[in-house]
Amino acid sequence: MVDMWRPGRVIARLVDIAGRAVAWLTLAMTLLTFGVVVLRYGFNQGWIWLQESVTYLHAAVFMVAAAWALQTDDHVRVDIFYRKRSPRYRAAVNLAGTLLFLVPFSVLMIAVGWDYVAASWETHEASREAGGLPLVWVLKSLILVLPVLLLLQSAVTVKTSIAGLRDVDAQGSA
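Note that residues are indexed from 1 along each chain, following the sequence as it is written. Per-residue local features of the predicted model are confined to residues with pLDDT of at least 70, and side-chain atom pairs are confined, for both listing and counting, to 80 or more; whole-chain, interface and lining totals are unaffected and use all residues. Working from all heavy atoms in the structure, the side-chain values ignore hydrogens and water.

### Remarks on the nonpolar core
Within soluble globular proteins, side chains that are nonpolar generally end up buried alongside one another.
Right, on to step 1. Working definition of a nonpolar core: buried Ala, Val, Leu, Ile, Met, Phe, Trp, Tyr and Cys residues. They are joined through side-chain atoms within 4.5 Å. Buried means the residue's accessible area, taken with a 1.4 Å probe over protein chains only, is under 20% of the maximum for its type, while exposed means over 50%, and partly exposed covers the values in between. Ranked by size, the top nonpolar core spans 21 residues in total, and within it Val15, Val64, Ala67, Leu142 and Leu150 carry the most contacts.
Right, on to step 2. Going through the elements one at a time, helix 1 (6-23), helix 3 (48-71), helix 4 (87-123) and helix 5 (136-173) are the ones with two or more residues in this core.
Right, on to step 3. Here, residues are in contact when the closest pair of their heavy atoms is within 4.5 Å. Excluding residues within four positions of it along the chain, valine 64 makes contact with Ala18, Val22, Leu142, Val145 and Leu149. What counts as a helix is a DSSP run of H or I of at least four residues, what counts as a strand is a run of E of at least two, and both are numbered from the N terminus.

### What about helix 3?
Since the α-helix advances by 3.6 residues per turn, residues separated by three or four positions end up pointing in the same direction.
Right, on to step 1. In a regular helix each residue adds 1.5 Å, so 24 residues correspond to 34 Å; helix 3 covers 35 Å between its end C-alpha atoms and thus fits that length.
Right, on to step 2. A residue's bend is given by the angle between axes fitted to the 7 residues ending at it and the 7 residues starting at it. Maximum bend of helix 3: about 45 degrees, positioned at alanine 65.
Right, on to step 3. Phi for aspartate 73, located one or two positions after helix 3, is positive at around 60 degrees. What a helix is expected to span follows from its residue count: subtract one and scale by 1.5 Å.

### Quick notes on the packing of helix 1 against helix 2 (residues 25-43)
Helix-helix packing: each pair is described by the crossing angle between the helix axes and the interaxial distance.
Right, on to step 1. Fitted lines through C-alpha atoms serve as axes, helices being fitted only where they are in contact, and the angles separating the N-to-C directions of these axes extend from 0 to 180 degrees. Packing of helix 1 against helix 2 brings their axes to within 4 Å, and their N-to-C directions diverge by 15 degrees. Here helix 1 lies roughly parallel to helix 2, going by the angle between them. Judged by residue contacts, Ala21, Val22 and Ala23 of helix 1 engage Leu25, Thr26 and Leu27 from helix 2.
Right, on to step 2. Ten residues, namely Ala, Val, Leu, Ile, Met, Phe, Trp, Tyr, Cys and Pro, are considered nonpolar, four, namely Asp, Glu, Lys and Arg, are considered charged, and the remaining ones, Gly among them, are considered polar. A class-by-class count of the residues in the contact of helix 1 with helix 2 yields five nonpolar, one polar and no charged. Angles below 35 degrees are treated as roughly parallel, those above 145 as roughly antiparallel, those between 65 and 115 as roughly perpendicular, and all remaining angles as oblique.

### What to know about the pattern of salt bridges
Right, on to step 1. Definition used for salt bridges: Asp or Glu carboxyl oxygen within 4 Å of a side-chain nitrogen of Lys or Arg. Inspection of every chain in the model, using the stated rule, returns three salt bridges.
Right, on to step 2. A salt bridge links aspartate 16 to arginine 13; the shortest N-O distance between them is 3.0 Å. A residue pair is termed a helical-turn pair when its members lie 3 or 4 positions apart in one helix, as aspartate 16 and arginine 13 do in helix 1 at three residues.
Right, on to step 3. Arginine 20 is paired through a salt bridge with aspartate 16; the nearest N and O atoms lie 3.0 Å apart. You can see arginine 20 and its partner aspartate 16 sitting in helix 1, four residues apart, about one turn around the helix.
Right, on to step 4. On the basis of relative accessibility, which here comes to 12%, the residue aspartate 16 falls in the buried class.

### A closer look at the side chain of glutamate 52
Right, on to step 1. By secondary structure assignment, the location of glutamate 52 is in helix 3.
Right, on to step 2. Charged-residue counts in this description rest on Lys and Arg as positive and Asp and Glu as negative, His and the chain ends being excluded. Buried within the structure, glutamate 52 lacks any salt-bridge partner; its nearest side chain of opposite charge belongs to arginine 128, at an N-O separation of 9.5 Å.
Right, on to step 3. Not counting the four nearest positions on each side in its chain, glutamate 52 is found in contact with Ser127, Glu129, Gly132 and Leu133.

That is the geometry; function is a separate question.
Below, the structure is given as structure tokens:
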């Protein structure tokens, strides 16, 4: 791995901490789902807020951990075009993919989602279901958290890819 500049290490650490933190929510999600099933089929009981909390946790895991998955190279990729290629090729693909697809997508998501999230915050939007959670506005905030974390990780990926391309060039000419 190429040495990162100091801001890159800070950003990478932030993304890592966020990803690891929300990864633990999968355990809570599993336990809550089990509880919902036991209550529904064992005791003929159901609470909307409990079911909605599983949805909230699910959204948090995917939206906050997406940048972490990118950082750890655990995201979806067409490996047949990538896996057995040279470090230079991989750095070029990472750089191009980040600049051509990820950054514009993230910026667009912020631009489109901003008013939507702001409207939810203004009204402190709550669940439409009786007995549901009153925190829909917090859930919708994740729509902006996702692209912000992706943009932060994009900065690290771009810097690392450029450094990787330069490192390969320096090794090839030495």
